[in-house]
Amino acid sequence: MTERMKEIVAEALNVEIETLKEDTSFKEDLGADSLDLFELVMAFEEEFGVEILSEDLEKITTIKDAAAYMEAHKE
Amino acid sequence: MKIETKRPIIKKKKVSGESIVKMKTEITELLGIEYPIIQGGMAWVAEYHLAAAVSEAGGLGIIGAASAPPEWVRDQIQKAKKMTDKPFGVNIMLMSPYADEIAKVIVEEKVKVVTTGAGSPEKYMQMWKEADVKVIPVVASVALAKRMERCHADAVVAEGTEAGGHIGEASTMTLVPQVVDAVKIPVIAAGGIADGRGIAAAFMLGAKGVQMGTAFIVTEECQVHENYKNEIIRARDIDSKVTGRSCGHPVRTLRNQMTKLYLQKEKEGASFEELEALTLGGLKKAVVEGDVKNGSLMAGQSAGLVTEKMTCEMLIRKLVKGTEKQIRGSVFYE
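Residues numbered from 1 in each chain as written. Chains lettered and ligands numbered in written order. Predicted model: local features only at pLDDT ≥ 70, side-chain atom pairs only at ≥ 80, totals over all residues. Heavy atoms only, no water.

**Student:** Help me understand the packing of helix 1 (residues 2-13) of chain A against helix 3 (residues 63-73) of chain A in this model?
**Tutor:** A pair of packed helices can be characterised by two numbers: the angle between their axes and the separation between those axes. All names here are of chain A. At a minimum axis distance of 10 Å, the contact between helix 1 and helix 3 shows a crossing angle of 125°. By the angle between their axes, helix 1 is oblique relative to helix 3. Viewed along their axes, helix 1 and helix 3 form a crossing whose handedness is right-handed. Contacts from Thr-2, Met-5, Lys-6 and Val-9 in helix 1 reach Ile-63, Ala-66, Ala-67 and Met-70 in helix 3. Of the residues belonging to the contact of helix 1 with helix 3, the class tally is 6 nonpolar, 1 polar and 1 charged. (Axes fitted to C-alpha atoms, helices over the stretch in contact; angles between N-to-C directions. Helix = DSSP H or I, 4+ residues; strand = E, 2+ residues; numbered from the N terminus. Parallel < 35°, antiparallel > 145°, perpendicular 65-115°, else oblique. Left-handed = near helix turned anticlockwise from the far one by under 90°. Contact = heavy atoms within 4.5 Å. Nonpolar A, V, L, I, M, F, W, Y, C, P; charged D, E, K, R; others polar.)

Dropping the structure here:
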């Protein structure tokens, strides 16, 4: 899942996939603004069929967080 | 709920000698207003005098709650109700420390419409829907518009980067049609619209209404300092600047000493704290004190199109006539 997630992040934020690590922070390391974050979240939801609640958005700051969230919430 | 897409209907009617234009779109129907013209919920600027006057004139006035405490918002709503029986709205800035309380005040005071900015209002949706409040989030991207539709927003405002205050990246010309294609709920265009030509153009892009801010700042009913109004009237096409791009919070204002200093420091790589100190309380300085040199004169690119002060009623009448002329009048050679 982490690999697929890296692909999504690389595409959504227009960064090289090789530079992404599990603890890469969307905001701090990749400079994502709020619009980028919604872009990411929508892409994750579409790919993994999981709905990310708005109150959980703040908790998802790295690829690792996102992967853990998807794992915990998938059907 | 699937809303059928219809073309806006613009009709001319003669009432006691004077011709009055009627504009019927999904937005006028949804909100119970005469014209699909919404006044933006500008922080510090959009208080009850302005909101009530816009609603009285047939548009939708909005009280901007910004970071104000809930008691202030409740007082504003009650005062607006005394001035108009027509629907008006409240804009919630979701990053406000009082957002939760203000969300409740909206329900308690039976406000008809709420617009939201700076994030996603998902956690309030159920409460508002149960109270039959119409919810219209302001969005600056297709992804957020889709998300808002999914959580049952009634419409969205697609705001382009031409707008004043906190802005996104995409322009109105490009954002509006993309949002229109992505969602089934009606789309309201915002950013750069200040006259009938802009409104007609918004309809052409698929919008069913418009939201305007800058043009309403200079109206007689708007309570901001005269100096602020005069700066907007005086502004030309190139007088608009964006500060704060480096820290991810771009804000559009009219250029002055503050923006000059800010942009210089931003170029030199000043820290977030140092930059923030320049704009702290800047909007209040502009609105209340009329300090046009050091204040944040938030205004959109459309400031160059705004050239005279008038009442809200005169402005809306002018906008409606101008729109009708554009849509009816041929833009082609015969």
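**Student:** Teacher, can you tell me more about the pattern of salt bridges here?
**Tutor:** Here the idea is simple: oppositely charged side chains can pair when their charged atoms come close. Residue and element names in this part refer to chain B. Taken as a whole and assessed by the stated rule, the structure comprises 26 salt bridges over all chains. Measuring nitrogen to oxygen at the nearest pair gives 4.0 Å for the salt bridge that ties Glu-26 to Lys-208. Of the two residues, Glu-26 is situated in helix 1 (residues 26-31) and Lys-208 in the loop between helix 8 (196-204) and strand 11 (209-212); the sequence distance between them amounts to 182 residues. Classification of Glu-26 by relative accessible area gives buried; the value is 12%. Judged by its relative accessible area of 10%, Lys-208 falls in the buried class. Notably, a salt bridge pairs Glu-274 with Lys-265, separated by 2.8 Å at the nearest N-O pair. (Salt bridge = Lys/Arg side-chain N within 4 Å of Asp/Glu carboxyl O. Buried < 20%, exposed > 50% of the residue type's maximum accessible area, 1.4 Å probe, protein only.)

**Student:** How do you make sense of the state of the cysteines when you look at a structure like this?
**Tutor:** Two cysteines whose sulfur atoms are joined by a covalent bond form what is called a disulfide. Residue and element names in this part refer to chain B. This structure, assessed with the given rule, holds 0 disulfides over all chains. The thiol of Cys-312 is unpaired, and the distance to the nearest cysteine sulfur, on Cys-222, comes to 7.9 Å. Residue Cys-312 is classed as buried on the basis of its relative accessible area of 0%. (Disulfide = S-S within 2.5 Å.)

**Student:** Explanation requested: the interface of chain B and chain A in the structure shown.
**Tutor:** The partner chain A presents 12 residues to the 12 residues of chain B that form the contact. Surface buried jointly by chain B and chain A totals about 960 Å² across both partners, of which 63% is contributed by carbon and sulfur atoms. If you sort the residues of chain B by the area they bury against chain A, Ala-143, Arg-147 and Arg-150 of chain B come out on top, with a joint share of 50%. Our count for the contact surface shared by chain B and chain A stands at 2 salt bridges. Residue Arg-147 of chain B pairs with Glu-45 of chain A through a salt bridge whose shortest N-O separation is 2.9 Å. Elements supplying a minimum of two residues to the side of chain B that touches chain A: helix 5 (122-130) and helix 6 (142-150) of chain B. (Buried area = accessible area lost by both parts, 1.4 Å probe.)

**Student:** Help me understand the environment of Gly-117 of chain B, please; the structure alone is not making it clear to me.
**Tutor:** Residues and elements named next belong to chain B. Mapped onto the fold, Gly-117 is located in strand 6 (residues 113-117). The exposure class assigned to Gly-117 is buried, which follows from its relative accessible area of 15%. Those residues within four positions of Gly-117 in sequence are excluded, and the remaining contacts are Asn-91, Ile-92, Met-93 and Leu-94.

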